[in-house]
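# Commentary on secondary and tertiary structure
Take a look at the letters that make up each chain.
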Amino acid sequence: ISVDHLCCMAHTRAKFKYAYEISGDEDARYILSLFAQLYAEEDAFKKAGLTPEQIRQARRLPGYLDIIGQLRSKLETLSADGHPPGGELMEKAVRYLGSFWKQLFRYLVDGLYSIDNNIAERNPFPRRGAEELAVLRLAQDGQGLGHVSYRDSDVPDDRCLGNGILQDFLQKNH
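Residues numbered from 1 in each chain as written. Predicted model: local features only at pLDDT ≥ 70, side-chain atom pairs only at ≥ 80, totals over all residues. Heavy atoms only, no water.

## Topic: the pattern of salt bridges
Considering all chains together, one arrives at six salt bridges under this definition. Linking Asp 27 and Lys 74 is a salt bridge whose minimum nitrogen-to-oxygen distance equals 2.9 Å. Taken together, the residues span a long stretch of sequence, with Asp 27 in helix α2 (residues 26–47) and Lys 74 in helix α4 (residues 62–79) at a distance of 47 residues. For Glu 53, the salt bridge is made with Arg 56, and the minimal N-O distance between the two is 2.6 Å. With Glu 53 and Arg 56 both in helix α3 (residues 52–58) and three residues apart, the pair spans about one turn of that helix. (Salt bridge = Lys/Arg side-chain N within 4 Å of Asp/Glu carboxyl O. Helix = DSSP H or I, 4+ residues; strand = E, 2+ residues; numbered from the N terminus.)

## Side note on the packing of aromatic side chains
Aromatic ring pairs are defined here through the distance separating the ring centres and the angle between the ring planes. In this structure the tally under the stated criterion is five aromatic pairs. Ring centres 5.9 Å apart and planes at 25° place the aromatic pair Phe 45 and Tyr 64 in the stacked group. Here Phe 45 is found in helix α2, whereas its partner Tyr 64 is found in helix α4, with 19 residues between them in sequence. Here Phe 45 falls in the buried class, since its relative accessible area comes to 7%. With relative accessibility at 1%, the residue Tyr 64 sits in the buried group. Each ring, one from Phe 105 and one from Tyr 107, has its centre 6.1 Å from the other, and the planes form 35°; the classification is tilted. Residue classification places Phe 105 among the buried residues on the basis of a relative accessible area of 7%. Overall, Tyr 107 belongs to the buried group, its relative accessible area being 0%. Grouped by ring-pair contacts, the aromatic residues Trp 101, Phe 105 and Tyr 107 constitute a single cluster. A cation over an aromatic ring shows up here: Lys 15 above the ring of Tyr 96, its NZ or CZ 4.6 Å from the ring centre. (Phe/Tyr/Trp six-rings, centres within 6.5 Å; stacked < 30°, edge-to-face > 60°. Buried < 20%, exposed > 50% of the residue type's maximum accessible area, 1.4 Å probe, protein only. Lys NZ or Arg CZ within 6 Å of the ring centre and 35° of its normal.)

Structure (structure tokens):
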């Protein structure tokens, strides 16, 4: 079983939003504009009724990747030695984006993954929500047991693997 650890872009965006609202940091405003472009693209995919595979392919098109490239370039500039430090909130947002870059953009590999992937916040039973999502992904893989996807970054994988729905699924299919 492979597990994709995804972080929620909305949490990252919120850090930059606070940095902009509280300190008026122009770099935060620019980063927010890039996030807005990514969200607009994702909304367009949904409105067009694209399949998960079409979404995955659309996320690999130059326009989409250019936005991510601009974000990465700004992150590298803000993280560079010798760059004047921003305010405390901006520094925190930059560190977060840099530390979780890989997990934040892991959604690109699968059209079923959401840019926000924060199902746990909408579910009163977060552990069960992660398990349900994992079972859903297993079923949609079409290859039986081969890929588990957790979108709940607040629940450690080992806790999810030992509980409820996912445990039942694994016992029935092994």
